[in-house]
Each structure stands twice: as structure tokens, then as C-alpha cells.
Amino acid sequence: MTPAQTGTRRFRRSALLGAVVATALGGGAILAACGTDAGTGGQDGAGGPARLSVADSYVPLPPAGGMAAGYLTVRNDGGQDQLLKVSSPAAESVTMHRSTESTMKQVDSLDVPAHGALQLARGGNHLMIMGWRKTPVLGDELELDLTFAKSGTISVKVPVKELTYRPNQS
């Protein structure tokens, strides 16, 4: 090997090693930047603003003048929030409940996880709607006003469905 070839070979090795080190350092900086969220101490966006939407809402048709349950899903594409209160111009009272296999307990709030969902469904968290101002009928849309700790109040129209209705089932 000539001295020129040896120098070229060393240069290539040095250049390759430099590129590997630069890539590793650059990649580490990118990972470090992705691993923290400004102002949250790295809590996966829990401190950022919540971005809420409501889907799959319905109220099964209650017996005449009786109380009814309410079901819906609050999707959150942002930081953590909390559902504090639910009200409706169509009813005197709307309360939040948590069910287990053997009990149903009224709760003061329900967590809406960051980048997750709060699901109110049969057999779990749900709403109890009482004191109807006008007895709802199949096909009505009832207004529910959902008040959150950070996001304020969101009003949604909730359809009254048959008692046996189950979303996402044909």
C-alpha cells in the first residue's frame, strides 16, 4: 500500500467514525427533545391543554316520568382534564355514577386521561338523569352540558334511543 492509499483509508475511517458519532449525538438530542414536554416535567402532555370531543352519546328511553341513564365517550387528544358536573335544561338533576358488579355510587368527578378517553357505558361510569321537565320520547335529542375543570363547558345533543340499544352492534 502506498502512503497515499494509507492516508485515504485513515481519512475514510475517521470520516465514518465522525459520522457515526454525529448521528448518535444528534439522535440523542432528538430523543431527549421528544421525551419531555415543555412545562409538564415530562408527564406525557398531562400539563398541556385538553382537546376534548364527545362521541357515541345516547339515553335509553326511560319509563314515563322515570329516571334514565346517559352514556357517552369523552375523547381527549391533549392533556388531562376532569369532568366536574353535568346538567341539562331538560331535567332537574343529572348526577355522575360509578358502577361495580354489586354497587352503584354517586361520584363528584370523573377523570379524563391525557391522550385517552372517559367512557360512560352500561355497567361502568354513567349518568343518571332525573326530574324530566317533559317526558322524552324516542328520537328526541336532549341537551347535556358537560363542565370540565380545565376545558369549561361543552354542550352536546344526545339522542333518545330504544331501551335495548347498544352502540356499535347491529
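Here, the structure is the one placed above.
First, a word on what this report is: a plain description of the structure on this page.

Criteria and cut-off values
Residues numbered from 1 in each chain as written. Predicted model: local features only at pLDDT ≥ 70, side-chain atom pairs only at ≥ 80, totals over all residues. Heavy atoms only, no water. Pairing = 2+ DSSP bridges. Helix = DSSP H or I, 4+ residues; strand = E, 2+ residues; numbered from the N terminus. Buried < 20%, exposed > 50% of the residue type's maximum accessible area, 1.4 Å probe, protein only.

1. Structural notes on the pairing of strand β3 (residues 81-87)
A regular strand carries its side chains on alternate faces of the sheet. Pairing geometry for β3 and strand β6 (residues 110-112), over three bridges, is antiparallel. Across the sheet, the residue bridging to Gln 82 is Asp 111, located in β6. Pairing between β3 and strand β9 (residues 141-148): four bridges, direction antiparallel. If you follow Ser 87 over to β9, its bridge partner there is Asp 145.

2. A closer look at unusual backbone geometry
Even without a glycine there, the phi angle at Asp 56 is positive, about 55°. Here Asp 56 lies in strand β1 (residues 52-60). Note on Asp 56: relative accessible area 36%, which makes it partly exposed. In this model, His 115 sits at a positive phi of 50°, which is unusual for a non-glycine residue. If you trace the backbone, His 115 turns up in the loop between β6 and β7 (117-120).

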